[in-house]
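Letter by letter, the chains look like this.
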Amino acid sequence: MDEPRDEIDTWLEERVTPLLPRPGTFDQVRKRARRRKLGQAAVATAGAAVVVAAAIAVPQLVLSRHVGGAPAAVSGSTTPVQQNTAGPARPSASGTRGPDVTSATPTPAPAPVPPNFAASSVTFVSTGDGWVIGQAGTPGHCGPPDPNKCTSLAATVDAGRTWQGLPAPVTGAPDGATGVSQVRFLDGISGWAFGPQLYATHDAGQAWARVPTHGMRVTGLETVNGVAFAIWAQCAGAGPDFAAGCTRFSVYSSPAGQDNWTPVAGATGLSGPAGAPASAQLILTGDRGYLLAPGGKLISGPITSPARWHPVTTPQGAPVTLACAPGATETGGHPVQAMLASTGPGLALLCAGPGSGGTQPKTLYYSADRGRTWNLVGTAPSPGIAMSLSGAPDGRVLVATNDGIDVSVNALGSGVLSWRTARGAVAPGGYSYVGMTTSQQGVAVPANTDLDAVWFTYDGGSHWQKSPVG
């Protein structure tokens, strides 16, 4: 059985933003960040083990200029920082720390976010501090060094009430093996932009360096408790769907403060049936990581680097496969749109069938013993095509669809699920992502990138309100 965890432990594992933060000036933010950074350096010098609590001390942000895309920098070098001439820049869903407030160098004024910001990913490290990444401005007017590369980051320190521009990796939108579309921050200092390339910052986003992936594409990345894990895949697809045509998957890990990416033993070289295009999904809890591998196999292991993971087995010792049997319409051994999430003390699995006429069957399973056994717990509402699955600390689940967001009223395993739904009028076109930081607060990214905003909930998903990024 899972070890019981209280709601605070579960909250620390999430990356979305909840309750509005306490008011404070950027000067106070920078001063706290500097003190924390110096304290961490002292511990490291003494040889002590540092435990990173990603959302306890609220990371503070120094919001500076936006950076657009540019040619990738070599390993270990810093990507060029540019001012987007098309307009203000936006923060990404990751935390940032700034320089010593006592420095004689004047602090740059917070930069605005460029116009036409199209969010593609969001992440939060506390109740107020978050980042969003996307494309902004007008191609041909973004640079330097390349006016057609408009990747932008924006940050908030007040749970989305205001946003400011930040430096971003100098690269473009996903196009085959190049570009980035996703962002994750751990502690406000170390962060990663990925999908399909991989960029890292270890100075609160002031500079970004490209991490070589040896021809592989990074299709997923998560981080918790001082360690980052990522899926590196061998893919042949072209165009904006950078994860198309992926046939072989490996999990890599690195300590958060460096880019020493090494393969995770037991979770490498995974492929679908007969080498057909497949997919894989990575999730992390406070102490364990899980990979939903091609073919439906579930692999798990500790949150360490280096690490060794193993196939999850049933109580009888047989390898666990997905609770929903693979179907004829699946790709690479996965049921159509199989989605995995952590929720409360357990794991949730959504098995979504083929969509028809704007509806789709969505079956939910729950495991309370780290994936060893699974129980059918009900279905989600059929309207809408499932885009994202998320769990809340109190055991409820949320399903983002192209029609809205469905939220279970009760927790998985507590009986027959009942649902409430926020639909079309909230965000026309639905949502591509939803995630909860606490049981009451979360954030969602709209599927329609023309909306230039993300959405927040403060009542457990019953109501959502728009936060314009620009």
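Residues numbered from 1 in each chain as written. Predicted model: local features only at pLDDT ≥ 70, side-chain atom pairs only at ≥ 80, totals over all residues. Heavy atoms only, no water.

Just to check I follow, could you spell out the sheet that holds strand β23 (residues 397-401) for this structure?
Strand pairing in a sheet relies on backbone hydrogen bonds. The paired strands run either parallel or antiparallel. Sheet architecture is open: four strands sit in the order β22-β23-β24-β25, paired in antiparallel fashion. Sheet topology places β22 (386-391) and β25 (419-423) at the edges, where each strand pairs with a single neighbour. Here the strands of the sheet are splayed against their neighbours by 15 degrees on average, with no regard to which way each runs. One ladder, built from five bridges, connects β22 with β23; its direction is antiparallel. Residue L389 lies in a different strand from β23, and its bridge partner there is V399. (Pairing = 2+ DSSP bridges. Helix = DSSP H or I, 4+ residues; strand = E, 2+ residues; numbered from the N terminus. Axes fitted to C-alpha atoms, helices over the stretch in contact; angles between N-to-C directions.)

Can you walk me through the sheet that holds strand β1 (residues 118-124) in this structure?
The antiparallel open sheet is built from four strands, whose spatial order is β1-β2-β3-β4. Two strands close off the open sheet at either side, each with one partner strand: β1 and β4 (164-166). Neighbour to neighbour, the strand axes of the sheet diverge by 30 degrees on average, direction disregarded. Alignment of strand β2 (residues 130-135) against strand β3 (residues 151-156), held across six bridges, turns out to be antiparallel. Paired with W131 across the bridge in β3 is A155.

How should I be thinking about the state of the cysteines in this particular structure?
Cysteine pairs can be linked by a disulfide, which is a covalent bond between their two sulfur atoms. Applying the stated criterion to the full structure yields two disulfides. Between the sulfur atoms of C142 and its disulfide mate C150 the distance is 1.8 Å. Residues C142 and C150 are joined through a disulfide that is right-handed, its torsion about the S-S bond being 95 degrees. We classify C150 as buried; its relative accessible area is 3%. Note that C235 is cross-linked by a disulfide to C246, the S-S spacing being 2.0 Å. Linking C235 and C246, the disulfide has an S-S dihedral of approximately 90 degrees and is accordingly described as right-handed. Taken together, the residues span a long stretch of sequence, with C235 in strand β10 (residues 227-235) and C246 in strand β11 (residues 246-255) at a distance of eleven residues. Taken as a pair, C235 and C246 share a single burial class, namely buried. (Disulfide = S-S within 2.5 Å. Buried < 20%, exposed > 50% of the residue type's maximum accessible area, 1.4 Å probe, protein only.)

What is the right way to read the environment of A209 from this model?
If you trace the backbone, A209 turns up in strand β8 (residues 209-210). Taking C-alpha positions, A209 is 8.6 Å from L198, a pair spaced eleven residues apart along the chain.

How should I be thinking about the packing of aromatic side chains in this particular structure?
The way to describe two aromatic rings as a pair is by their centre distance and the angle between their planes. Across all of its chains, the model carries nine aromatic pairs by this definition. When the centroid spacing of 5.8 Å and the interplanar angle of 85 degrees are considered together, the rings of F124 and F456 count as edge-to-face. On the criterion of sequence distance, the pair formed by F124 in strand β1 and F456 in strand β28 (residues 453-457) is long-range, its members being 332 residues apart. Look at F456 and you get buried, because its relative accessible area is 2%. Arranged with centres 4.0 Å apart and planes meeting at 10 degrees, the rings of W232 and Y252 form a pair that is stacked. A residue pair is termed long-range when its members are at least 10 positions apart, and W232 in strand β10 and Y252 in strand β11 qualify at 20 residues. Judged by its relative accessible area of 13%, Y252 falls in the buried class. Pairwise contacts between aromatic rings join F124, F456 and Y458 into one cluster. (Phe/Tyr/Trp six-rings, centres within 6.5 Å; stacked < 30°, edge-to-face > 60°.)

Where do I start with unusual backbone geometry in this structure?
Cis rather than trans, the peptide bond between G195 and P196 has omega equal to 5 degrees. Its location among the elements puts P196 in the loop between β6 (191-194) and β7 (198-201). Residue S305 is joined to P306 through a cis peptide bond whose omega torsion reads 5 degrees. One can find P306 in the loop between β16 (298-302) and β17 (310-311). Located in the positive-phi region is A159, a residue other than glycine, with phi close to 60 degrees.

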